[in-house]
Amino acid sequence: MAHDVTIIGSGPAGVSAAWPLVRAGLKVLMLDQGRKADVPRSLQGTFRTILQNREDQQWREFLGDDFAGVGDERHTTPKMKVPQFRYVQRGFEDVYSLSANGLRPTGSLAAGGLSNMWGAGAFCYNDDDLSAFPVNVGDLMPSYRAVAERIGISGVLEDDIAPFLGDVPLQDPLPLCENAQRLLERYNQRRHVVNKLEFVMGRTRNAVITKDQPDRQACALDNMCLWGCSRGAIYSAAQELESLSQLPNFTFQRGAFVQRIVPQADHSYHIECKDVDDDASTGFIVKSERICLAAGTIGSTILAMDALNILDAPMPILSHPAMAFAFVLPGRIGRPEADKAFALGQLAYRLGEPLTPEHHAFGILFSAEGLLASELATYMPLSRPAAAKTIKALLPAMILANCYVPGIYSNSSIKISRKSVDRRAVLQGGVSHLFEARFNDIKKTLARAMWKMGAYMIPGGAKLAELGSDGHYAGSIPMTKEDRPLTSTPEGEIRGLPNIHTVDGAALTQLSGKHPTFTIMANADRISHRMARRLREI
Amino acid sequence: MSIHDRESEAILCYILAAKPSPTLLKRYILAIKTIDDKKPVGLYAFTLSWPSFLRLFDPPFPARSPRQTRFQKRLNAALTLCETSIEGVHRLRQQPGETRAGILLRLFGALLVDGLTMPLRLVVWKFW
């Protein structure tokens, strides 16, 4: 065995687990299918200049040569239709023989995983968020800081929402769009009124750099964030694979999709791999004594359940019940669209529940100007020409919000069913019976808080998102202190599978309302630091 | 021109309020063949000659029949293709030199027409 540790998966968790091990001088092998982007950005410029392209080629950029972006699919994030991102999730369900009912499975075979198309929100869990975890903020904070330094996060430390998002090193904030700027000004003027609604707001945190780095350029405000940042300003784990691969004790093996992990009598594991993009590939075996499982929550759970032989038994998996809202600032209707802007999150807000703080809702406010207007126009109960004219006037005045409630409101499961020799994974999605009331409550309170700040919810502008479409899956191999089936120790070691540590979302004990990626990365960093220390002592 | 192509031209004409270029029409037909079946919607002959009348058939609420579903899907595709074309982008996005008053006036006119035709559209939506 040539390597000390084998990491399965090259997404944010895998990369975050790799750094401490590699820096400790250990030999690390990373296995992943590692697909590369197959549709490069064809046009350069800002969103508006590309949309006005004189060569009439903008449709290729926004819809793809196969017109897949024209599809009528609703209730998914707009990124799912973006031509440049389609390779990220392609074939994921097939390779795991995965079927789903009531939710959308998300995962990736791409190098860098889902971080190639994430929303870049980077928020720390606080003590309320971690109340069910066997670790606390103090355990995670050094890792939060290390990851923040590594990936670059922009934001501010001095506003109302900042204490809720964590104290980590930040780069200068990105400039706000006109609508967000107005909302924030009104919030600051009327804070005493909206805070009574348990509504707190401030600038969001984005894993987007505002200072040039050797391998990444600072955000140029070209408003193309949703369509693939050509400057690398938005963090992706794929960017770090290049830096890691330059180190002599790190090996990244592409074309190595892990199909099974088979425990051996000598306490090692046989990792069965195959290049799923090569029909001629017959597969190969990698032998390893120590494994970091970072294949994404769904992938890691399937591998662990298979290795533990947990068959035909549904096991809980958490996802984020999510919703989306559209607001308008009347004074901005018909105003000019901005030429330069940042299209991801502008402001973050928290809707609290005073008696049970872990039940809070959390969301991000976005500008609508980086989206295709036709996508929004199709939701309007107007004739299409009238909807087109309406959206043209409304777009500069619109602000969109998403909102997540904690994973305790989800009621989903994952199961491996055995049919003859084949094994199939089945995801069953659902939400708690309390969710509908919570959704109505959030809708009402958010509309009221925004109204106090001069923004009005558009009639019919509240939608439930398809469960799982944001990719926030977690908690299927949760870290717990007590010994239960399909759980892991506080060090992420899966019970029943010695020396296999789960370091991705599967290890999270609970899913707070906040986006989990940054916490997943920090937890992976924490677990692998401990692993490195222990291996150095041996 | 096949009936499918004539319908495509009428739908684009309805969205653009002008005759589409052969390039855009070809692109739209190709897109429809890629994302949808190749069946015609079954639009009335007079709407192919006077596409403005398609407003009466434009479903104000979720489609109630397979025909309405197909029509709605094609209208949405036409809207997206118009926005991503040089000849149709002005229908959905502001252009240099456009004034706020002009945009609001055209919006008022479109909403007025929609309001006046709504009773007829509701009847068509229920029975077509």
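Everything below is about the structure shown above.
Summarised in this report is the structure supplied together with it.

Calculation rules
- Residues take numbers from 1 onward in each chain, read along the sequence in its written order.
- Whichever chain is written first becomes A and whichever ligand is written first becomes 1, with later ones labelled in order.
- Reporting of local features is limited, given that this is a predicted model, to residues whose pLDDT is at least 70; pairs of side-chain atoms are given and counted only at 80 or more, and all residues count toward the totals for whole chains, interfaces and linings.
- No hydrogens and no water enter the side-chain calculation; it runs on all heavy atoms of the structure.
- Each pair of strands is called paired provided DSSP finds at least two bridges between the two strands.
- Each helix is a run of DSSP H or I of at least 4 residues and each strand a run of E of at least 2, with the numbering of both proceeding from the N terminus.
- Think of each axis as a best-fit line through the C-alpha atoms, taken over the contacting stretch in the case of a helix, with angles from 0 to 180 degrees between the N-to-C directions.
- In what follows, a contact means two residues having at least one pair of non-hydrogen atoms within 4.5 Å.
- Here a cavity is any set of points on a 1 Å grid over the protein atoms alone where a 1.4 Å probe fits but cannot get out, and a pocket is any open set with protein on both sides within 12 Å along at least 5 of 7 lines; a residue lines the site when it has an atom within 4 Å of a point.
- Grid points are joined across faces, edges and corners, and a volume is the space filled by probe spheres set on the points.
- Residues are sorted three ways: Asp, Glu, Lys and Arg are charged, Ala, Val, Leu, Ile, Met, Phe, Trp, Tyr, Cys and Pro are nonpolar, and all the rest, Gly among them, are polar.
- Note on aromatic contacts: the rings of Phe and Tyr and the six-membered ring of Trp form a pair at centre separations within 6.5 Å, being stacked when their planes are under 30 degrees apart, edge-to-face when over 60 apart, and tilted otherwise.
- Relative accessibility thresholds used throughout: buried, under 20% of the residue-type maximum; exposed, over 50%; partly exposed, between the two (1.4 Å probe, protein chains only).
- Placement of a positive charge over a ring is assigned whenever Lys NZ or Arg CZ falls within 6 Å of the ring centre and within 35 degrees of the normal to the ring plane.
- What counts as buried area is the accessible surface, traced by a 1.4 Å probe, that two parts surrender upon association, with contributions from both included.
- Note on definitions: salt bridges are taken to be side-chain nitrogens of Lys or Arg within 4 Å of carboxyl oxygens of Asp or Glu.
- A 3.5 Å cut-off defines polar contacts: any pair of N or O atoms within that distance qualifies, except that in protein one atom must be a possible hydrogen donor and the other a possible acceptor, and neighbouring residues in sequence count only when both atoms are side-chain atoms.
- Nonpolar cores are built from buried Ala, Val, Leu, Ile, Met, Phe, Trp, Tyr and Cys residues. Side-chain atoms within 4.5 Å join them into one set.

Attention now goes to the sheet that holds strand β17 (residues 456-464) of chain A. Residues and elements named next belong to chain A. With antiparallel pairing, the six strands of this open sheet are ordered in space as β4-β12-β13-β14-β11-β17. Bordering the open sheet on either side are β4 (199-203) and β17, each of which pairs with just one other strand. Pairwise comparison of adjacent strand axes, ignoring direction, gives a mean angle of 20 degrees for this sheet. In terms of strand pairing, strand β12 (residues 347-351) meets strand β13 (residues 361-367) through five bridges, oriented antiparallel. Counted as the bridge partner of A348 is I364 from β13. Together, β4, β12, β13 and β14 (398-404) form the strand contacts of helix α8 (residues 178-189), whose direction differs from that of β4 by roughly 130 degrees.

Counting across every chain of the model gives three cavities of 30 Å³ or more. Considering only enclosed or pocket space, the second largest cavity measures out at about 80 Å³ in volume.

Quick look at the layout of surface pockets now. Residue and element names in this part refer to chain A. A volume near 880 Å³ is recorded for the second largest pocket. Among the elements that take part in the lining of the second largest pocket, helix α10 (residues 237-245) stands out by supplying six residues, more than any other. In terms of residue class, the lining of the second largest pocket is made up of 17 nonpolar, eleven polar and nine charged.

Given two aromatic rings, their pairing is described by the distance between the two centres and the angle made by the two planes. Taken as a whole, this structure holds 22 aromatic pairs over all chains when the rule is applied. Centre to centre, the rings of Y187(A) and F199(A) are 6.4 Å apart; their planes meet at 65 degrees, and the pair counts as edge-to-face. Of this pair, Y187(A) sits in helix α8 while F199(A) is found in strand β4, placing the two residues twelve residues apart along the sequence. Residue class for F199(A) comes out buried when judged on its relative accessible area of 0%. With centroids separated by 5.8 Å and ring planes inclined at 90 degrees, the aromatic side chains of F71(B) and W128(B) adopt a geometry described as edge-to-face. With F71(B) in helix α4 (residues 66-83) and W128(B) in the segment after α6 (100-127), the pair connects residues that are 57 residues apart, well separated along the chain. There is no split in this pair, since F71(B) and W128(B) are both buried. By way of ring pairs, the aromatic residues Y44(B), F46(B), F53(B), F57(B), F71(B) and W128(B) are connected into one cluster. The side chain of K514(A) reaches across the aromatic face of F164(A), ending 3.9 Å from its centre.

Attention now moves to the interface of chain A and chain B. Each partner contributes to the interface: chain A provides 46 residues, whereas chain B provides 42 residues. Note on chain A versus chain B: buried area summed over both sides is about 3,800 Å², and carbon and sulfur give 58% of it. Looking only at chain A, the three residues that lose the most surface to chain B are F67(A), R384(A) and K392(A), adding up to 21% of its buried area. Linking chain A to chain B there are four salt bridges. Put simply, E98(B) and K392(A) hold a salt bridge, and the shortest N to O gap is 2.8 Å. Counting across the chain A and chain B interface gives 16 residue pairs in polar contact (both at pLDDT 80 or more). Breaking the side of chain A that touches chain B down by element, the ones donating at least two residues are α2 (47-51), α3 (58-63), α12 (373-377) and α13 (384-394) of chain A. For the side of chain A that touches chain B, the element with the highest residue contribution is α13(A), accounting for nine residues.

This brings us to the nonpolar core. All names here are of chain A. Counting 133 residues, the largest nonpolar core has I7, M398 and F518 as the members making the most contacts within it. Per-element tally for this core: the top contributor is helix α15 (residues 517-537), with nine residues. Among residues more than four places away in sequence, those in contact with M398 are N179, A326, F327, V328, A368, L376, I391 and I458. Listed in part, the 41 residues of the second largest apolar core include F92, F257, A295 and I310.

Quick look at the pattern of salt bridges now. Within the structure shown, the criterion is met by 28 salt bridges over all chains. In this structure, E482(A) engages R484(A) in a salt bridge whose closest nitrogen and oxygen atoms are separated by 3.5 Å. Judged by its relative accessible area of 43%, E482(A) is partly exposed. Here the residues in one salt-bridge network are R48(A), E337(A), D339(A), E83(B) and R93(B), joined through shared partners.

All names here are of chain A. In this fold, T502 is placed in strand β19 (residues 500-502). Engagement of the side chain of T502 in a polar contact is seen with the side chain of D504, the distance being 3.4 Å. Apart from residues no more than four positions distant in its own chain, T502 is found in contact with L293, I477, S488, G492, I494, A507 and I527.

Treat this as a map of the structure, not an account of what it does.
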